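Coordinate analysis (summary)
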Amino acid sequence: MTKRIIVALDNKNLFEISNLVKKIKSHVFGFKIGKEFFYNYGIEGYKKIYNLSKNIFLDLKLHDIPNTVERALNALIKLKPILTTIHISGGDEMQKAASNLKKNKTKILGVTILTSLNSSQTKKYYNNKNVNQLVKKFAQNAKNNNLDGIVCSPLELKTVRKVVGSKMLIVVPGIRLENQNKTKDDQKRILTPKEAIKLGADYLVIGRPIVESNNPLKTIKEINKSINEK
């Protein structure tokens, strides 16, 4: 069975996070450590999780001048994450600075448009309410600048896969389960795990549906079953 799930560690308690990782690590591809975790627990917290599972997606979404991003990535790469992120909107020179680094096994993904933004927000901040069109342009730029992959919402998957081809990774947040209550969700552009895999996702980032589940392992097994069904 191909493992496609990257679990976002949103839980604020490091002890509980560690226990969760121990219980489910053999059933998932890896774990995402984002700003909330990293700013609370730092490098020492990161290492505790890394010692339990080597497949870490360090998702800090770097966005700064090229020189700063290059130096930051050089520091992050020493932590040996399997994936890390920069914002494509940082520009060509920033992306090139990232893609030209000696990365060892770390792959650098370009973030397109955050899944919390809908068409009214992209109209306001990018002067374009066509989210799919914006993401397509960002994906093409990431490909031109030799990034290793893309982060996009599942709703743009089909378009992005056509743009980047089969070699670039596509990592997808905004995954919600079919029976999940979405009324208080801050992510706007979402699909189910099975739908996202069918549209071309390589890996699915899933947080709350797993970490807030009464039985996280059971939830993961159900997701794995659904995405591996033909």
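The preceding data block contains the structure.
Now for a description of the structure that goes with this document. Quick caveat: nothing in here was measured; it's all calculated off a predicted structure.

Rules and cut-offs
- Residues numbered from 1 in each chain as written.
- Predicted model: local features only at pLDDT ≥ 70, side-chain atom pairs only at ≥ 80, totals over all residues.
- Heavy atoms only, no water.
- Salt bridge = Lys/Arg side-chain N within 4 Å of Asp/Glu carboxyl O.
- Buried < 20%, exposed > 50% of the residue type's maximum accessible area, 1.4 Å probe, protein only.
- Helix = DSSP H or I, 4+ residues; strand = E, 2+ residues; numbered from the N terminus.
- Phe/Tyr/Trp six-rings, centres within 6.5 Å; stacked < 30°, edge-to-face > 60°.
- Core = buried A, V, L, I, M, F, W, Y, C linked by side-chain atoms within 4.5 Å.
- Pairing = 2+ DSSP bridges.
- Right-handed = clockwise from strand over helix to strand, strands pointing away.
- Polar contact = N/O pair within 3.5 Å; in protein donor to acceptor, adjacent residues only side chain to side chain.
- Patch = residues over 30% accessible without salt bridge, like charges linked within 9 Å, V, L, I, M, F, W, Y side chains within 5 Å.
- Areas by Shrake-Rupley, 256 points an atom, 1.4 Å probe, with all protein chains shown as cover.
- Lys, Arg positive; Asp, Glu negative; His and termini not counted.
- Charge placed at Lys NZ, Arg CZ, Asp CG, Glu CD.

1. Quick notes on the pattern of salt bridges
When the charged atoms of two side chains with opposite charge come close together, those side chains can pair. Counted according to the given criterion, the structure contains four salt bridges. With its nearest N and O atoms 2.7 Å apart, the salt bridge here joins Asp59 to Lys61. Asp59 sits in the buried class, given a relative accessible area of 6%. Residue classification places Lys61 among the partly exposed positions, given a relative accessible area of 22%. With its nearest N and O atoms 2.7 Å apart, the salt bridge here joins Asp202 to Arg161. Of this pair, Asp202 sits in the loop between helix 8 (193–198) and strand 8 (203–206) while Arg161 sits in helix 7 (residues 157–164), and the two are 41 residues apart along the sequence. Where salt bridges share partners, they join Lys32, Asp59 and Lys61 into one cluster.

2. Some words on the packing of aromatic side chains
For the coordinates displayed, the defined rule picks out four aromatic pairs. Geometrically, the ring pair formed by Tyr46 and Tyr50 is stacked, given 6.1 Å between the ring centres and 15° between the ring planes. Taken together, the residues span about one helical turn, with Tyr46 and Tyr50 both in helix 2 (residues 35–50) at a distance of four residues. The exposure class of Tyr50 is buried, given its relative accessible area of 17%.

3. Digging into the nonpolar core
If you look at soluble globular proteins, the nonpolar side chains tend to sit buried side by side. Counting residues in hydrophobic clusters, the biggest one holds 61 residues, and the most contacted among them are Val7, Leu9, Ile33, Ile49, Ile86, Ile150 and Leu204. It is helix 6 (residues 131–144) that contributes the most residues to this core, six residues altogether. Among the nonpolar cores identified, the runner-up in size contains 12 residues, and Phe29, Leu109, Val171 and Val205 belong to it.

4. Comments concerning unusual backbone geometry
The backbone of Lys80 shows a phi angle near 60°, a positive value even though the residue is not glycine. With relative accessibility at 55%, the residue Lys80 sits in the exposed group. Within the chain, Asn127 stands out as a residue other than glycine whose phi angle is a positive 60°. Relative to the elements of secondary structure, Asn127 occurs in the loop between helix 5 (119–126) and helix 6.

5. Remarks on the pairing of strand 4 (residues 83–87)
The buried count for strand 4 comes to five of five residues, which makes it a mostly enclosed element. With three bridges joining them, strand 3 (residues 56–62) and strand 4 adopt parallel strand pairing. Counted as the bridge partner of Leu58 is Thr84 from strand 4. Between the parallel elements strand 3 and strand 4, the chain passes through helix 3 (residues 66–77) in a crossover that is right-handed. Strand direction decides the pairing type here: strand 4 and strand 5 (residues 107–111), joined by five bridges, are parallel. Within strand 5, the position partnered with Thr84 by the bridge is Ile108.

6. Some remarks on the environment of Lys35
As for its placement among the helices and strands, Lys35 is situated in helix 2. Here the alpha-carbon distance between Lys35 and Gly200, two residues 165 residues apart in the chain, equals 27 Å.

7. Some remarks on the environment of Asn13
Turning to its location among the elements, Asn13 is positioned in the loop between strand 1 (5–8) and helix 1 (14–24). Among the residues examined, Asn13 registers a relative accessible area of 33% and is labelled partly exposed. In this structure the C-alpha to C-alpha distance between Asn13 and Val171, which are 158 residues apart in sequence, comes to 26 Å. Side-chain polar atoms of Asn13 contact the backbone nitrogen of Phe15, separated by 2.9 Å.

8. So, a positive patch on the surface
Side chains of Lys22, Lys25, Lys54, Lys80 and Lys105 sit close together on the surface and give a patch of like positive charge. By the secondary structure assignment, Lys80 is in the loop between helix 3 and strand 4.

That is the geometry; function is a separate question.
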